[in-house]
Amino acid sequence: MKNICVYCGSNTGRRSEYLQAAEALAEQLVARDIGLVYGGASIGIMGALADAVLAGGGRVTGVIPEALAVREVPHRGVTEMCVVSSMHERKALMESRSDGFIALPGGLGTLEELFEILTWSQLGFHRKPCGLLDVAGYYRHLAAFLDHCVAEQLLQPEYRAMLLEADDPARLLALMENYQAPAMDQRLTRDEL
Ligand code: AMP
């Protein structure tokens, strides 16, 4: 994996563990020479993550929609900043630039991005690993809910298994490196979506 896209909160959250996890993930990315692709903001966990990668000497690509630049305050020190015209363009560019995806703690934006990238994988649009960094049990209930979806037969177990989970960045990256996407008979292309 050369570049990993990280989805995370535009807020910092109430626990110091969230920012510490962003720093620990940054350290792992730099150590493995993996570039960070993210939403381009200087605020919240997003900003802390980018700062930590840059401080370690790593590469950071920000992707921010023009209209959001006021609210999310673009990071001024990133290696590359891509200003796009819409949220859809942002997510598509973040996908095409990345070899895997990780969600750190975040709110609705983070959840939306994580579930969109998982559904793109379910459709066969990409075969890249998706990981959840479960910091301080933040995503415990989400993981339990996905198990409930499987038990209720509304989510197939092989699609549930696409979401890799760990509470430690090094373990999560190791899972992602060994990831095998589910076999699919009918793969869709980008154009069909
Ligand atoms: P949040 O997790 O809500 O703090 O948001 C994290 C990031 O997700 C921010 O950069 C938001 O701009 C972005 N975001 C918010 N809503 C959406 C959406 N509907 N689609 C994609 N990204 C979003």
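Everything numeric in this text was worked out from a predicted model, so none of it was measured.

Draft legend 1. A look at the overall build of the protein chain. A count of helical and extended segments in the protein chain gives 8 helices and 7 strands. Here the protein chain has a C-alpha radius of gyration of 16 Å; the compact-globule value for 193 residues is 16 Å, and the two agree. Taking the principal axes of its C-alpha atoms as reference, the protein chain extends roughly 45 × 40 × 30 Å. Taking all 193 residues of the protein chain together, 49% fall into the buried category. Partitioning the intrachain contacts of the protein chain with sequence separation of at least 6 by distance along the chain shows that 72% fall at a separation of at least 24. Approximately 9800 Å² of the protein chain is accessible, and the part contributed by carbon and sulfur atoms is 50%. In the protein chain, the 17 positive side-chain charges and the 25 negative ones have mean positions that sit 2 Å from each other.

Draft legend 2. Focus on the sheet that holds strand S6 (residues 130-133). Taken together, the 7 strands give an open sheet; going across it, the order is S4-S3-S2-S1-S5-S6-S7, and neighbouring strands pair in parallel fashion. Each edge of the sheet is formed by a strand with only one pairing partner; in this case those strands are strand S4 (80-84) and strand S7 (163-166). The average angle at which neighbouring strand axes cross in this sheet is 25°, direction not considered. Pairing between strand S2 (residues 35-38) and strand S3 (residues 60-65): 3 bridges, direction parallel. Across the sheet, the residue bridging to Val37 is Thr61, located in S3. Lying over the sheet, helix H5 (residues 108-122) contacts strand S1 (3-7), strand S5 (101-103), S6 and S7, oriented at roughly 135° with respect to S1.

Draft legend 3. Region of interest: the site of the ligand. Lining the immediate surroundings of the ligand are 16 residues, of which Ser10, Glu72, Gly107, Thr110 and Glu112 lie closest. Here Gly107 contributes a backbone N or O atom positioned 2.8 Å from an oxygen atom of the ligand. Between the ligand and the protein, one listed contact pairs a nitrogen atom with a side-chain N or O atom of Glu112 at 2.8 Å. Protein contact buries 81% of the 490 Å² of open area that the ligand shows by itself. Placement of the ligand is best described as lying within the largest pocket. Put simply, the parts of the chain that give the shell around the ligand at least two residues each are helix H4 (87-96) and H5.

Draft legend 4. A look at the nonpolar core. With 56 residues, the main nonpolar core has Val6, Leu25, Leu49, Ile102 and Leu104 as its most contacted residues. Looking at this core element by element, the count peaks at 6 residues for helix H1 (residues 16-31). If we ignore the near neighbours within four places in the chain, the residues touching Ile102 are Ile4, Cys5, Val6, Tyr7, Leu25, Gly131, Leu133, Leu172, Leu173 and Met176.

Draft legend 5. Up close: the pattern of salt bridges. What the rule picks out here adds up to 10 salt bridges. Salt-bridge contacts for Arg160 lead to Glu165; the nearest nitrogen and oxygen are separated by 2.9 Å. Connected through shared salt-bridge partners, Lys91, Glu112 and Glu116 make up one network.

Draft legend 6. Looking closely at helix H2 (residues 44-55). An ideal rise of 1.5 Å per residue puts 16 Å on 12 residues; H2 measures up with 17 Å between its terminal C-alpha atoms. Looking at H2, one finds that the buried residues are Gly44, Ile45, Met46, Gly47, Ala48, Leu49, Ala50 and Val53. Buried-residue contacts for H2 involve S1, H1, S2, S3, helix H3 (69-72) and H4. Immediately beyond the C-terminal end of H2, within one or two residues, lies Gly57, with a positive phi of roughly 90°.

About the thresholds
- Residues numbered from 1 in each chain as written.
- Predicted model: local features only at pLDDT ≥ 70, side-chain atom pairs only at ≥ 80, totals over all residues.
- Heavy atoms only, no water.
- Helix = DSSP H or I, 4+ residues; strand = E, 2+ residues; numbered from the N terminus.
- Rg over C-alpha atoms; globule rule 2.2 N^0.38 Å.
- Buried < 20%, exposed > 50% of the residue type's maximum accessible area, 1.4 Å probe, protein only.
- Contact = heavy atoms within 4.5 Å.
- Areas by Shrake-Rupley, 256 points an atom, 1.4 Å probe, with all protein chains shown as cover.
- Lys, Arg positive; Asp, Glu negative; His and termini not counted.
- Charge placed at Lys NZ, Arg CZ, Asp CG, Glu CD.
- Pairing = 2+ DSSP bridges.
- Axes fitted to C-alpha atoms, helices over the stretch in contact; angles between N-to-C directions.
- Near = heavy atom within 4 Å.
- Polar contact = N/O pair within 3.5 Å; in protein donor to acceptor, adjacent residues only side chain to side chain.
- 1 Å grid on protein atoms, 1.4 Å probe; cavity = no way out; pocket = protein on both sides within 12 Å on 5 of 7 lines; lining within 4 Å.
- Sits in = over half its atoms within 2 Å of the grid points.
- Core = buried A, V, L, I, M, F, W, Y, C linked by side-chain atoms within 4.5 Å.
- Salt bridge = Lys/Arg side-chain N within 4 Å of Asp/Glu carboxyl O.
- Expected span 1.5 Å × (residues − 1).

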